[in-house]
Structures are given as structure tokens and as C-alpha cells.
Amino acid sequence: MKISFRQILLTVTCILLTVISFSQNPPAGKAGKSAYVSGKVVDDNENPLANVSIIILGQSKGFTTNDSGYFRIKVTAEKAFAFVFTYTGRNPEQRNFLLNENEEETITVRLEKGEKTLQEVVVTNQTDRREAGLVRLNPKTILNLPSAVTGVESLIKIFVGSNNELTSQYSVRGGSYDENLIYVNDFEVFRPYLVRSGQQEGLSFINPEMVRNISFYTGGFQAKYGDKMSSVLDIQYKKPRKFGGSAYIGVLEQGLQFEGTNKNSKFTYLLGVRNRSNKNLLSSQETKGNYVPSSADFQALLTYQFNSKWQAELLSNMSQTKFTLIPESSQLTTSVFSPVFSATIGVDIQFEGREKDEYQTNMLGFSLINQASKKLKLKWMASRFVNDEMENLDIIGAYLFGERDFDKRNPTYGLIVNPLGAGVYQNYSRNTLNIENWNISHKGNLDKGKHAIQWGLGYDKTKIADKLNEWEFQDSAGYALPYQPNILRLNKVIKSTANLDINKFSGYLQDNILLGKDSSHSATLTAGVRFNYNSLNKELLISPRIGASWKPDWKRDIIFRAAAGAYHQPPFYRELRRYNGTVNTNLKSQKSWQGVAGFDYNFIGLGDRPMRWTTELYYKNMTDVVPYDVDNVRVRYFGENNAKAYAAGIEMRLHGELVPDAESWISLGIMKTAEDITGDHYYRYKNAAGEFINSRSADQVVKDSVNFNVGWLRRPSDRRITFGMYFSDYLATNKNFKAYLNLLYGSNMPYNIPNAVRYRNAAVIEPYIRCDIGFSALLMDDDRSKRRSHSPFRNFDNIWASLEVFNIIDRANTISYLFIKDFSNTVYLLPNRLTPRLLNFKIVARW
């Protein structure tokens, strides 16, 4: 696919704006034209305040008032800047200036009493830096992040990459979408399984406005976490201390959240409701029609503190997603370059029929926590998770395929002028899936000084009721495919019913050991083991895991860390299904041994601001692998343990505040993952002259054949380079106007042709490039003294308005391909594109 000059120009402009923002430096007495600001800082009673901190906004350089509250500061003239005055126990005050050369402005600043301070005290948790693969994310960043899908997962994609802005699913270090664990308050949560494309997805389970803490492990996680091969997302919801809440209204999504406690603070509640519609996103896609997507959910976290030792917690979620599509038409176009000819190939499709999908999720979890002593904590949990999914599809498409005319001077502009093929196809499905999972578990923590012992036991009972009824009819030039004279045959038929009852037992034991006397320059060792037994395949897994860290006694603040262990994944639902719909109940777990090593380095960067640089090398060796293909977000497994695989790479991240109170991230990953499928070979045939022929057709006489072994191939998740950047900034003279940039790049990925051994990896999805930008303005701050008593906004903390531009470079990213055959049986691939440029507006209020 060609990248237009306009796309290149917009991308370069985006990067240049970022670089310029990095380099902005408000004045503080530089050589050249200068001016002065002088004055006095006083309290409510006009008494002078000594040692008041005066910071130039956007810089770390600061000044203080003298014993009489006076100050005089030399500044750069003819350039806008701002001073921020702060004093313990008093509200900060900001003053903006723009002075002429040699001008001196005298002011009086009055600091009133209040509970607010400019900055919160940040305590660096050295424990977080010592865990391999751990990335701590700031929940406050989520709503500011310009992204088509609002949620924690959009923030995660900055670090692991993405190829689809419509989905909340992600791939980590070469793994599939099904290799990621998600916990909310220690309860494991699940995703819908029948979803075929990102446009059918609704809200993520995680409500970002309810989140207190985010821990994301990209690998090397401890034995206390479950049995998946790629990553862990550990979410902790808030525990309110007072009444509050938030509300946001946007073009795509709306939400409302309340929190509070009773009078004695024993009972707390955290409630959230959301609604989302992707109609505006989908209406601009290449397939035109009537899109009716809707998604809504309600979540509640209730806690009750019986006494100082006992606490109960109830977590509930109810979610419903509906997707209806009545397609009308579609126009797809691609460019073909070959030694024979070059052309712009297109297909025009007229549709009839509709698609109607529905996904319902209900979850209820109860936990009882006992703080038996200062050193011993016990937790008992019980939960029920139910997933009901329904997929109804009956769509007929009539297509004309050939060379498209793009000469605007011609009356045939935009039409197919040189037909290469025509036909009709019909896709039909009536699929239902019900998954019910019951869990009972116990966890414990014992602090014994230099030893922190953790253990857990769990029992899961999973019931799966699945019914598939799919068929596909294809007609090309009046002939049904596959062609058989006098017989009407369907191209694909899947009819299957499965009822599974699975019992799973799991547990772990681990010890976190502090080595050495000096904790600031010590080593740590985490050793643990977990087990898992699955009644479906009667397989017992033992997974030892170990992690270590070392902080040398150097001037530089650096920590070295490493982890290794077994990460085995028992089959759940999707892995059991073969391509033909049958269920392989004898499927074994996919097994992997992994190693991770890297460092975490804190240093002072630009503008004397603290920065953090982390780097990790990793390697995964996988056996009993179940190969799969990916079509949009649908993962289709082979249903057999017939492959081995590996993944190796390096990840680097830079995190810090390039300007005060404005968090930014840069992430770069380089990776290779490949697989070798057992028995993947094909034959090529020779004629009497010893020449290879294309097929064993009737007019060709086969004299010999050659067996070709395919060997190692790129896995569907093999993206060699990923780059992500989140950058936030504000005006040098006013922090109330902010800008946010979300930039993602991923190199090309293989796209496999289903059931074609010879042409596996034959297609390639072009690099994914996306740049989203957002602008926010503070409409109301937290200074209530300026509001009238009868104002409806008198109790609000702040109100922000945001304008977001999605896909600002208007890049036509590809998510999958449509396969079309011409009259000579040649196959062409036409790309299915993702969303173009789109504007979004939202208002966020907090109280």
C-alpha cells in the first residue's frame, strides 16, 4: 500500500510539534533583554509570609521570599511566563506576566488558607522497581489519553503495540489475545469469545474512573499469578474516604461514577455506570450501511469494616453489548504490482441481509479479609462469572471485481472498467455460547522480617454450552465453489454442539526474600511454585518460577533484575475448537519456559527533572503449541498440539515529566517470534520435461513430485518493531490549557491464508501507524470561594472540556483481507481498512 505525501507530511509535523514542545523553556533571567518582577506575599490578615516558594511554571528553578515576605526576580522580557506561589497549608496562587524590556512590575500576592497544595508527595516504591516485567501506570492518565477506545487497555498499547484501535484486546511479546490474565481486586475476569471484529466489541470490563492502582506485567510474573503465557493486568479499585464522583459526556461514550462512606466510615460504596456507541466511528468505514452498536454496564464495589481485623467486600458487574448491521454496499481498492501488469484493482459489493450479535456478562464476587495480626493477612473469595453470547448472521453479497478507473476526467471515474470476475456469496451463522465459571479460593500473606511468604489455593468449576451452525456459499461466474457438475455444494459447513463440565484445582507457594543488611543497596530473591490440575484433559502442571534483583552501592540509582520459570497455559474454550468446529477434549496445555533480564535506572534528565529508563531482554521457548490464525480480532485455533515456537526480543521504556505535572512515556520494542508446525509440507508436481506445473489438472501429465517442508514461519503476532509514545504538555503561561499526544507504530505482520500450507505467511499486513491528539481546557477550577451559594456548580472540584482528533494523519490502516478470485482462478487480496480521521468532544466533571 502506498503512503501518500500528505500522510508523511502530517506524521512529520506531529513529531516536530512534539520535539518543539520538549524544547520549550520559559524564561528565568537569561542573557539578553530582561525585566523584573517584585513584590510581597502576605496571608489573609496581611501579615508577611517568609520562605514562600516561587516556581517559574514549566521549570524546576525556584526562588523564596525573605523574612519580610519580599522578593525581586530578574526575568526575560517580551516573553510570556507565569509564577506559582506555594506555602504549606495554603492554596497555591498563579500569576501571569508579559513585560517589556527594563520594565518592573510590583505585585502583592495573598495566599489563603486551604487544604490544597500544588504537588502531592510522591514516595518511590523500590519494590515495584525490583519486579521483572512490571509497569506501573497512572490511572489519571486514562481519561486524558486520546484514543478511540477509552480504557486501561488503550494505555497498555503504548507499551505492547497495537494493530486495531477498535478493540481492547492486545498481544504481548508475541502471544495471542488469549494469553493475558486480567484481575480486578484479585478476581479473574473474562472477555467475550465469539467476537469476530473490533467493531462488535463494547466496553472493557475495567471502569477507568473506579481504578486506584494498575500493575501490568509484560512477562516474568510471580507464581502467585495464574496460568497464562504472556501477561498479567492486576487492577485494584478505589476504597473511598469521602463522598465524591465524576461524570463525563462524549460523542462516543458517557459515564457516571459515585463514591462515598457512611458516618463512621465502616461502609463504603463505589458505583459506576457507562454507555458507549461506536456508530460515529463505524459510519465512516468502507462498508456502508446501518450500524447500530450499543454497550452499557453497571459496576459496584461495596466494602464493610466489621472491626480492625475483619472486612467484607462485594464486587458486581452487569454488562450488555449489542451490535446490529444492515450492510448496503462496499467499495474496496488495492494496487497490484507484478512483472505482468500493474493496476488499481477494486471490488464493488451490494449487500442484502443483516447481522445481529449480543453479548451479556454478569459477575458477582465476595471476599472476606482477616488481618489476623500485623504480620498475617488472610483472604477468602468466592465468585460467579457468566458469559452469554449470541451471533446471528445472514448476509448475501453480489460483487463485481476488476480494474477501477481513478481518472477524474472520465465519466467512468470510480467504476469498474475492466471486469476480472463476478459472483455471489452468502454467509450464514446461528451461534450461541454460554460460559459459567464458579471460583472458590483462599490467599494468605505472612511477613517474617526478611521473608514475606505468600500462598493460595483455588477451585474453579466451568460449564461451557456451545452450539455452532455456520455455512458459506460462494458462486463465481455462475459456478458454485467448490465446483462439481450437477451438484450444489457449500464452500464451508460447520455444525457442532459441545457441553463441557470442567473442574480445575490450582495453588501456589512463594517466598520473597531480602538479602543483605542495607535495604537500600540489597538484593532480593523471589522463589515460588504453582500447580494446576484440569479434569478435562487430566493434566497436572507444576510451574516453578524465580525472580531476583540487585541494587549495587553506586552513585547512580540503578537496579538490575531478572526472572525465569515455567508458564504453562491449560486450554479453555477457543483452543479446543478445530477449524471444522469439532472439539478436542484431549488437547494438552501449551507449555513455555521463559527468561527475562534487565535494569531500571532513575536519573535526572532535561530541566533537572527525574526520569526513569527501563530495559528488558526476554526469551520464550514454547512446546505443545496450538497454532492459530487471526482474522481481525477472531482467533481460529488448529485444535492440536502440533507445533513448537519461540519469541525473543528487547523492550526499552522512558518515563518522566518533561514539564512538571505532565507525565510522558516512550516505548520501543524489537521482537521476533516464529513457529514450526509438525507435518506442514506440500507437493509440487513435474511434467515429462521435468518442469514444475501449477496443478494436477486433466491436461497435465504428472511424471514426478517434490515434497517441500515448510519449516519455521512467522507467527501471526510477529511484529518486529513496535513504538509507542504518550506525551502531555500545557501552555507555559497557563496550566489550564493542556495537550496530549498518542502515537503508535508497528511494523508489518504476516497474514495467513486459512488451510493453505504452501501459502502460509503469503500475505503481509502493512505497518500500523496511528496518531491521536487531544486538547483540554479547564472550565472550572477547585476554588469555591468565587462561586455563588446558589450556583448549581458550587460543589464541583473541576470541569474540563476536551477536543480529540483521532487518526490525525488519516492513515488507512489494514486489519484483514478479502480474498477474491478472477475468471482465471487467480486470487487477489483486497484490504479491509480501519477507521479514518474523526473528531471527538467530551466534558469531564469531578466533585
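Definitions and cut-offs
- Per chain, the residues get numbers from 1 upward, laid out in the order the sequence is written.
- Residues qualify for local features only when their pLDDT is at least 70, as the model is predicted, and side-chain atom pairs are given and counted only at 80 or more; totals for whole chains, interfaces and linings, by contrast, use all residues.
- Here the side-chain values reflect all heavy atoms present in the structure, with hydrogen atoms and water set aside.
- We count a stretch as a helix when DSSP gives it H or I for four or more residues in a row; a strand needs E for two or more, and each element gets its number in order from the N terminus.
- Only protein chains enter the area calculation, which uses a 1.4 Å probe; residues under 20% of their type maximum are buried, those over 50% are exposed, and those in between are partly exposed.
- Working rule for contacts: check all heavy atoms of both residues, and any pair within 4.5 Å makes them a contact.
- Where accessible areas are quoted, they stem from the Shrake-Rupley method and a 1.4 Å probe; at the residue level, only the protein chains shown are allowed to cover.
- Salt bridge criterion: a side-chain nitrogen from Lys or Arg within 4 Å of a carboxyl oxygen from Asp or Glu.
- Counted as a polar contact is a pair of N or O atoms within 3.5 Å, where, for protein atoms, one must be capable of donating a hydrogen and the other of accepting one, and residues adjacent in sequence contribute only when both atoms are in side chains.
- Every definition here rests on a 1 Å grid over the protein atoms only: cavities are sets of points where a 1.4 Å probe fits but cannot get out, pockets are open sets enclosed by protein on both sides within 12 Å along at least five of seven lines, and lining residues have some atom within 4 Å of a point.
- Grid points are joined across faces, edges and corners, and a volume is the space filled by probe spheres set on the points.
- Like-charged residues within 9 Å of one another, or nonpolar side chains (Val, Leu, Ile, Met, Phe, Trp, Tyr) within 5 Å, are grouped into patches, provided each residue has over 30% relative accessible area and no salt bridge.
- Two strands make a pair as long as DSSP finds a minimum of two bridges between them.
- Fitting a line to C-alpha atoms yields each axis, with helices limited to the stretch in contact; the angle taken between N-to-C directions then spans 0 to 180 degrees.
- We call a set of buried residues a nonpolar core when its members are Ala, Val, Leu, Ile, Met, Phe, Trp, Tyr or Cys and they connect through side-chain atoms within 4.5 Å of each other.

Caption draft 1: Inspection of the overall build of the protein chain at higher detail. The helix and strand inventory of the protein chain stands at four helices and 45 strands. The proportion of buried residues among the 847 residues of the protein chain is 52%. Restricting the contact set of the protein chain to residue pairs at least 6 apart, pairs at least 24 apart contribute 68%. Surface summary for the protein chain: the accessible area is close to 38900 Å², and the carbon and sulfur share equals 55%.

Caption draft 2: Structural view of the side chain of N317. You can see N317 is positioned in strand β17 (residues 310-337). Setting aside chain neighbours within four positions, we find N317 in contact with F205, D297, F298, Q299, T361, N362 and M363.

Caption draft 3: Broad picture of the pattern of salt bridges. With the rule as written, the count across this model stands at 38 salt bridges. Notably, a salt bridge pairs E165 with R770, separated by 3.4 Å at the nearest N-O pair. Here E165 is found in the loop between α3 (152-160) and β9 (180-184), whereas its partner R770 is found in strand β41 (residues 768-780), with 605 residues between them in sequence. E165 gets classed as buried once you look at its relative accessible area, which sits at 6%. Between R276 and E253 there is a salt bridge, with its nearest N and O atoms 3.0 Å apart. Taken together, the residues R276 in strand β15 (residues 267-276) and E253 in strand β14 (residues 253-261) connect sequence positions 23 residues apart. Here R276 and E253 have matching classes, each one buried. The network of salt bridges with common partners includes R129, R173, K551, D557, R561, D600, R612, E616, E651 and R653.

Caption draft 4: Molecular detail of the side chain of T673. The topology assignment puts T673 in strand β32 (residues 662-677). Side-chain polar atoms of T673 contact the backbone oxygen of Y646, separated by 2.8 Å. Excluding anything up to four places from it in sequence, T673 contacts G174, Y646, A647, L713, R714, R715, S717 and D718.

Caption draft 5: Summary view of empty space enclosed by the protein. Summed over the entire model, instances satisfying the criterion amount to ten cavities of 30 Å³ or more. One number sums up the size of the second largest cavity: a volume of about 230 Å³. Taken together, 15 residues line the second largest cavity, and the ones lying closest to its centre are Y573, R577, R634, V635 and R636. Every element with two or more residues in the lining of the second largest cavity is listed here: β21 (451-476) and β30 (634-637).

Caption draft 6: Spatial organisation of a nonpolar patch on the surface. Judged by side-chain polarity, F243, L256, F258, V273, F298 and M318 come together as a nonpolar surface patch covering roughly 500 Å² of accessible area. Note that V273 resides in strand β15. The class of V273 is partly exposed, set by a relative accessible area of 36%.

Caption draft 7: Focus on the sheet that holds strand β1 (residues 34-42). Strand order across the open sheet formed by three strands is β4-β1-β7, with mixed pairing between neighbours. The two strands at the open ends of the sheet, each matched to only one other strand, are β4 (70-76) and β7 (104-110). Pairs of neighbouring strands in the sheet enclose a mean axial angle of 25 degrees, with direction left out of account. Pairing of β1 with β4, which is carried by seven bridges, proceeds in the antiparallel orientation. Counterpart to Y36 in the pairing with β4 is K74.

Caption draft 8: Here's a closer look at α3. Counting buried positions along α3 gives nine out of nine residues, so the element sits mostly inside the fold. Of the positions making up α3, those classed as buried are V152, E153, S154, L155, I156, K157, I158, F159 and V160. Directly beyond the C-terminal end of α3, a positive phi value near 90 degrees is found at G161.

Caption draft 9: Examining unusual backbone geometry more closely. Non-glycine residue N102 carries a positive phi angle of around 65 degrees. Locating N102 in the fold gives a position in the loop between β6 (90-97) and β7. Overall, the relative accessible area of 64% leaves N102 in the exposed class. For S265, which is not a glycine, the phi torsion comes out positive at approximately 65 degrees.

Caption draft 10: Highlighting the environment of Q360. By the element assignment, Q360 lies in strand β18 (residues 342-370). Given the relative accessible area of 27%, Q360 is considered partly exposed. Those residues in contact with Q360, other than ones at most four positions away along the chain, are S319, Q320, V386, N387 and D388. Here E358 takes part through its side chain, which lies 3.0 Å from a polar atom of the side chain of Q360.

Caption draft 11: Inspection of the environment of F505 at higher detail. Residue placement: F505 occurs in strand β23 (residues 492-515). Note: C-alpha distance between F505 and D460 (45 residues apart in sequence) is 6.5 Å.

Caption draft 12: Broad picture of the nonpolar core. By size, the foremost hydrophobic cluster in this structure holds 55 residues, and its most contacted members are I206, L233, I235 and Y237. Counting residues per element, this core draws most heavily on α3, which supplies six residues. Residues contacting Y237, with those up to four places away along its chain left out, are V184, N185, F205, I206, N207, M210, V211, R212, L270, Q299, L301 and L315.

Caption draft 13: Broad picture of the sheet that holds strand β10 (residues 187-188). What the five strands build is an open sheet, ordered β8-β11-β12-β9-β10; its pairing is mixed. Looking at which strands have only one partner, the edges of the open sheet turn out to be β8 (134-137) and β10. Bridge count between β9 and strand β12 (residues 231-237): five bridges; the pairing is parallel. Within β12, the residue paired with N180 across the bridge is S231.

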